[in-house]
Number of protein chains: 2
Amino acid sequence: MPLPAEMARVFTEEKIDFVKRSGLKAEELLPGFVRLRMPLAGNQNHIGTLYAGALFTLAEIPGGALFLTSFDVQRFYPLIKEMNLRFRRPATSDISVEARLDTEEIERIQNEAEREGKAEYRLELQLKDADGQVVAETSALYQLRKH
Amino acid sequence: MPLPAEMARVFTEEKIDFVKRSGLKAEELLPGFVRLRMPLAGNQNHIGTLYAGALFTLAEIPGGALFLTSFDVQRFYPLIKEMNLRFRRPATSDISVEARLDTEEIERIQNEAEREGKAEYRLELQLKDADGQVVAETSALYQLRKH
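The rules behind each value
Residues numbered from 1 in each chain as written. Chains lettered and ligands numbered in written order. Predicted model: local features only at pLDDT ≥ 70, side-chain atom pairs only at ≥ 80, totals over all residues. Axes fitted to C-alpha atoms, helices over the stretch in contact; angles between N-to-C directions. Helix = DSSP H or I, 4+ residues; strand = E, 2+ residues; numbered from the N terminus. Parallel < 35°, antiparallel > 145°, perpendicular 65-115°, else oblique. Left-handed = near helix turned anticlockwise from the far one by under 90°. Contact = placed C-beta atoms within 7 Å. Nonpolar A, V, L, I, M, F, W, Y, C, P; charged D, E, K, R; others polar. Least-squares fit on C-alpha atoms with pLDDT ≥ 70 in both. Pairing = 2+ DSSP bridges. Core = buried A, V, L, I, M, F, W, Y, C linked by C-beta atoms within 7 Å. Buried ≥ 20, exposed ≤ 12 C-beta atoms within 10 Å, placed from the backbone.

**With respect to the packing of helix 1 (residues 5-14) of chain B against helix 3 (residues 52-70) of chain B**
Helix-helix packing is described using two parameters, namely the angle between the two axes and the distance between the axes.
Residue and element names in this part refer to chain B.
Right, so step 1: Where helix 1 meets helix 3, the axes come as close as 10 Å, and the angle between the chain directions of the two elements is 155°. In this view, helix 1 runs roughly antiparallel relative to helix 3, as classed from their interaxial angle. The element helix 1 and its partner helix 3 pack so that their crossing is right-handed. In this structure, helix 1 uses A8, F11 and T12 to contact helix 3, whose residues at the interface are I61, G64, A65, L68 and T69.
Right, so step 2: Looking at the contact of helix 1 with helix 3, its residues break down into 5 nonpolar, 3 polar and no charged.

This is the structure we're talking about:
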């Protein structure tokens, strides 16, 4: 069973200390859809914009958040295999990301992991500032593994 | 002028709060060569290995650390443009990285940034565990910009 929303929120924001310290917020956690936000405050780099490591974290966590809301968390766990990021413009505000997996893709991944022991899934995301401008584009490859 | 080693260490470890909170250590900071270490303690993920965001940070900071030891820090500043990471195996210990820029490359970058206002440089790195095993391979594109 996927996790209930409140439990998924606590896991997303607090399970990994590195993430908790960044202040990442899970604003919406639904089966097949998540929206997360990384605060600028506390995460500025040497020129006062959002540090690239905070952008990476914002782009990476959706793979785990979608796992929590959409997959059987007792039988599977996720790993990241690859991440590519293109930094497009300075991130001068809190930055948000939305990520989706449709029902057919969730079933495909889970059935394949059940059968093969593992299955890959990819998320292509846009990280956006408060004005809706894209500050970074990312492509991440994850693997769902059977316990 | 590049920064003296002790000042470069303080800037590398403490200038960016996000990095400081990770406990990143600058073990060696020389013109054209840096070695950094990311502690496992405090940075574990959901399966007890080093969180991918900490690996990203370890792979990203060498671009800035080499800037501090090798370039004229009063006339230029660095930006990251792209980062690609391949996660090869679970990171079950502190993880280290070494990064180099040779003298000719440092001169090429700085002369080009002086002339054009900006110049790109790329670092291809291997992140290694305590046994010397490669846990991740990364390729990052930076830009040196003139103030």
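Still more to cover.
**Looking at the interface of chain A and chain B**
Right, so step 1: With 28 residues of chain A at the interface, the matching set in chain B holds 28 residues.
Right, so step 2: Elements that contribute at least two residues to the side of chain A that touches chain B include exactly helix 2 (17-22), helix 3 (52-70) and strand 3 (76-87) of chain A.
Right, so step 3: No other element matches the 9 residues that strand 3 of chain A contributes to the side of chain A that touches chain B.
Right, so step 4: Partitioned by chemical class, the residues of the side of chain A that touches chain B number 13 nonpolar, 8 polar and 7 charged.

**A closer look at the relation of the copies chain A and chain B**
Right, so step 1: With an RMSD of 0.0 Å, chain A superimposes on chain B once it is rotated by 180° and translated 0.0 Å along the axis. Expressed as a symmetry operation, the mapping of one chain copy onto the other fits a two-fold axis. Nearest to the rotation axis, the C-alpha of N84 of chain A is located 2.1 Å from it, this being the minimum over chain A.
Right, so step 2: The residues that chain A uses at the interface reappear at the interface of chain B in 100% of cases, marking a shared surface.

**A word on the pairing of strand 1 (residues 25-30) of chain B**
Taken residue by residue, a regular strand's side chains alternate between the two faces of the sheet.
All names here are of chain B.
Right, so step 1: Examined bridge by bridge, strand 1 and strand 2 (residues 33-38) share 5 bridges and lie antiparallel to one another. From the neighbouring strand, L29 faces strand 2, where its bridge partner is V34.
Right, so step 2: Linking strand 1 to strand 2, which pair antiparallel, is a turn of 2 residues; within it G32 sits at a positive phi near 80°.

**As for the nonpolar core**
Right, so step 1: Counting residues in hydrophobic clusters, the biggest one holds 88 residues, and the most contacted among them are L55 and L58 of chain A together with L55 and L58 of chain B.
Right, so step 2: Once residues within four sequence positions are removed from consideration, L58 of chain A is found in contact with L24, L36, M38, I95, V97 and L127 of chain A.

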